[in-house]
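# Descriptive analysis of the structure
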Amino acid sequence: MSRLFAVLLLTGVYVLTLGSLDPLDLLGGLILSLAVVVALRRLLYDEEPSALGGRALAGRIWHFPLFALVVVWEISVGTWRVAQAVTGLEPLHSPGIVAIPIGERTPNGVAATALAITLSPGELLVDIDERRGLMLIHVLDATDPDAIRTRYEHFYERYQRKVFP
């Protein structure tokens, strides 16, 4: 996707959101769209292939809905687990902190993982230990840390890596 097309597309979305074709609104949308494309050029375009894993913008956009759907699913499951714990239907077995390896995640990938983790109730990013390459996550049930690490690695490899490497 060319930068010009991205600017025009964003300007079109801006104008549709406003519901106005006033020349000043068009100009404002054009300036705002240009600023967004310039500010996010490294994220949107393959200017640094090693950091982006060679993923083009179109591929990221294609895979994003599945990533978002899985995050919504994790939020739903987390909400259910917290509701069970709060109501006493399922007692807390062993809440604790689990170390999750950062692995091949870029800084943007770590941020996306942290956001996805923190959005899900019952799980919270506590710290990122860059020296050791670990994310420290607080979970409601830390009885099997290896299963939790496997779940996060599966989430990253299957859904997140294609969007936020």
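Everything that follows concerns the structure shown earlier in this document.
My aim in this report is to walk through the structure given alongside it, one point at a time. Since we're looking at a predicted model, the values are computed, not measured. (Residues numbered from 1 in each chain as written. Predicted model: local features only at pLDDT ≥ 70, side-chain atom pairs only at ≥ 80, totals over all residues. Heavy atoms only, no water.)

Regarding its fold elements, the protein presents 7 helices and 3 strands. Ordered by position from the N terminus, the helices and strands of the protein form the series α-α-α-α-α-β-α-β-β-α. Dimensions along the principal axes, computed over C-alpha positions, put the protein at roughly 60 × 40 × 25 Å. The proportion of buried residues among the 165 residues of the protein is 28%. Long-range contacts, defined as pairs at least 24 residues apart, comprise 65% of the intrachain contacts of the protein with a sequence gap of at least 6. Charged side chains of the protein number 14 positive and 17 negative; the gap between the two group centres comes to 5 Å. (Helix = DSSP H or I, 4+ residues; strand = E, 2+ residues; numbered from the N terminus. Buried < 20%, exposed > 50% of the residue type's maximum accessible area, 1.4 Å probe, protein only. Contact = heavy atoms within 4.5 Å. Lys, Arg positive; Asp, Glu negative; His and termini not counted. Charge placed at Lys NZ, Arg CZ, Asp CG, Glu CD.)

A few words now on the packing of aromatic side chains. Pairs of aromatic rings are described using the distance from one ring centre to the other and the angle between the two planes. Applying the stated rule across the entire model yields 5 aromatic pairs. On the numbers, 6.0 Å between centres and 50° between planes, the contact of phenylalanine 64 with phenylalanine 67 is tilted. Of this pair, phenylalanine 64 and phenylalanine 67 are both found in helix H5 (residues 57–87), 3 residues apart, which corresponds to roughly one turn of the helix. By relative accessible area, phenylalanine 64 is classed as partly exposed at 39%. Between phenylalanine 67 and phenylalanine 164, the aromatic rings sit 5.5 Å apart at their centres with planes inclined by 70°, giving edge-to-face as the arrangement. In this pair, phenylalanine 67 is assigned in helix H5 and phenylalanine 164 in the segment after helix H7 (145–160), connecting sequence segments 97 residues apart. A relative accessible area of 23% places phenylalanine 164 in the partly exposed class. Put simply, the rings of Phe64, Phe67, Phe155, Tyr159 and Phe164 touch in pairs and so form one group of aromatic residues. Geometry around tyrosine 156 places arginine 105 over its ring, the cationic atom sitting 4.4 Å from the centre. Directly above the ring of tyrosine 152 sits arginine 151, whose terminal nitrogen or CZ lies 4.9 Å from the centroid. (Phe/Tyr/Trp six-rings, centres within 6.5 Å; stacked < 30°, edge-to-face > 60°. Lys NZ or Arg CZ within 6 Å of the ring centre and 35° of its normal.)

Attention now moves to the pairing of strand S2 (residues 123–129). Two faces make up the sheet, and in a regular strand the side chains alternate between them. Of the strand pairs in this sheet, S2 and strand S3 (residues 134–139) are connected by 6 bridges, and their pairing is antiparallel. Residue pairing across strands places aspartate 127 opposite leucine 136, the latter belonging to S3. If you look at the hairpin formed by S2 and S3, you'll find 4 residues sitting between the two strands, and glycine 133 has a positive phi there, around 70°. (Pairing = 2+ DSSP bridges.)

The subject of this paragraph is the layout of surface pockets. By volume, the largest pocket amounts to about 400 Å³. Lining the largest pocket are 22 residues, and of these Arg81, Glu123, Val139, Leu140 and Asp141 lie nearest its centre. Of all the elements in the fold, those that place two or more residues in the lining of the largest pocket are H5 and H7. It is H5 that contributes the most residues to the lining of the largest pocket, 6 residues altogether. In terms of residue class, the lining of the largest pocket is built from 9 nonpolar, 6 polar and 7 charged. (1 Å grid on protein atoms, 1.4 Å probe; cavity = no way out; pocket = protein on both sides within 12 Å on 5 of 7 lines; lining within 4 Å. Points joined across faces, edges and corners; volume = space filled by probe spheres on them. Nonpolar A, V, L, I, M, F, W, Y, C, P; charged D, E, K, R; others polar.)

A contiguous nonpolar patch, built from Leu4, Leu8, Leu24, Leu27, Leu30 and Ile31 and spanning about 620 Å² of accessible area, is present on the exposed surface. Among the elements of the structure, helix H1 (3–18) and helix H2 (23–39) are those that each provide at least two residues to the nonpolar patch. By residue number, the principal contributor to the nonpolar patch is H2, which donates 4 residues. Secondary-structure assignment places isoleucine 31 in helix H2. (Patch = residues over 30% accessible without salt bridge, like charges linked within 9 Å, V, L, I, M, F, W, Y side chains within 5 Å. Areas by Shrake-Rupley, 256 points an atom, 1.4 Å probe, with all protein chains shown as cover. Salt bridge = Lys/Arg side-chain N within 4 Å of Asp/Glu carboxyl O.)

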